[in-house]
Amino acid sequence: QVQPVESGGGSVQAGGSLTLSCAYSEYADRWDCMDWIRQAPGKEREGVARIDKDERRVYANSAKGRFTISQDNAKITLYLQMNSLMPEDTAMYYCAAPRYCTNTLEGSSWTNWGQGTQVTVSS
């Protein structure tokens, strides 16, 4: 399987913005939806945002109003625009396909992870 390739992470101050990208060439043919997930040291993985092929979106409460998930028209690149970043957003961010495309991120499990991109937000 082709692994996704995440990029765009970095170090920013609180209140700053970052846009993450995920190149996933097989998305258009294989996956009904894609998620952004994050994992901070010592914490469980958390689904942050989901988008399906019909452009329906689901966000974690922590992301609502600050993060925007999108995809290009060919559906081979996934994006996560993150605004008003806070230190608690510090984590490794991944894109992956959930096993089930539901209208909630809670309880999700994922397949075919990439290497991730680190986001660090300082206060």
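Shown above is the structure to which this text applies.
These figures come from a predicted structure and were not determined experimentally.

Rules used throughout
Residues numbered from 1 in each chain as written. Predicted model: local features only at pLDDT ≥ 70, side-chain atom pairs only at ≥ 80, totals over all residues. Heavy atoms only, no water. Helix = DSSP H or I, 4+ residues; strand = E, 2+ residues; numbered from the N terminus. Buried < 20%, exposed > 50% of the residue type's maximum accessible area, 1.4 Å probe, protein only. Pairing = 2+ DSSP bridges. Salt bridge = Lys/Arg side-chain N within 4 Å of Asp/Glu carboxyl O. Phe/Tyr/Trp six-rings, centres within 6.5 Å; stacked < 30°, edge-to-face > 60°. Lys NZ or Arg CZ within 6 Å of the ring centre and 35° of its normal.

Caption draft 1: Just unusual backbone geometry, in detail. A positive phi angle, close to 50 degrees, is found at Ser84, a residue other than glycine. The topology assignment puts Ser84 in the loop between strand S8 (77–82) and strand S9 (91–98). Assessed through its relative accessible area of 41%, Ser84 is described here as partly exposed. One non-glycine residue, Asn112, adopts positive backbone phi at about 60 degrees. Take Asn112: it is sitting in the loop between strand S10 (110–111) and strand S11 (117–122).

Caption draft 2: Quick look at the pairing of S11. Going residue by residue along S11, you find Thr117, Val119 and Val121 tucked away on one face and Gln118, Thr120 and Ser122 left uncovered on the opposite face. In the sheet, strand S2 (residues 10–13) pairs with S11 via four bridges, with the strands oriented parallel. By the bridge assignment, Val12 is partnered in S11 with Val121. Inspection of the sheet shows S9 paired to S11 by three bridges, in the antiparallel sense. Note on S11: the bridge partner recorded for Met92 is Gln118.

Caption draft 3: Representation of the pattern of salt bridges. Tallying each qualifying case throughout the model produces seven salt bridges. The salt bridge involving Asp52 is made with Arg56; its shortest N-O contact spans 2.7 Å. What you see here is one network of salt bridges that share partners, running through Arg38, Glu46, Arg66 and Asp89.

Caption draft 4: Here's a closer look at the packing of aromatic side chains. Counted according to the given criterion, the structure contains two aromatic pairs. Ring geometry for Tyr94 versus Trp113: centroids 5.1 Å apart, planes at 85 degrees, classification edge-to-face. Separated by 19 residues along the polypeptide, Tyr94 in strand S9 and Trp113 in the loop between S10 and S11 bring together distant segments of the chain. For the pair Tyr94 and Trp113, one class covers both residues: buried. Between Trp110 and Trp113, the aromatic rings sit 5.8 Å apart at their centres with planes inclined by 75 degrees, giving edge-to-face as the arrangement. Take Trp110 and Trp113: they sit in the same class, and that class is buried. Within the aromatic cluster, the residues linked to one another by ring pairs are Tyr94, Trp110 and Trp113. Between the NZ or CZ atom of Arg45 and the centre of the ring of Trp113, over which it lies, the distance is 4.2 Å.

On their own, these measurements won't tell you what the molecule is for.
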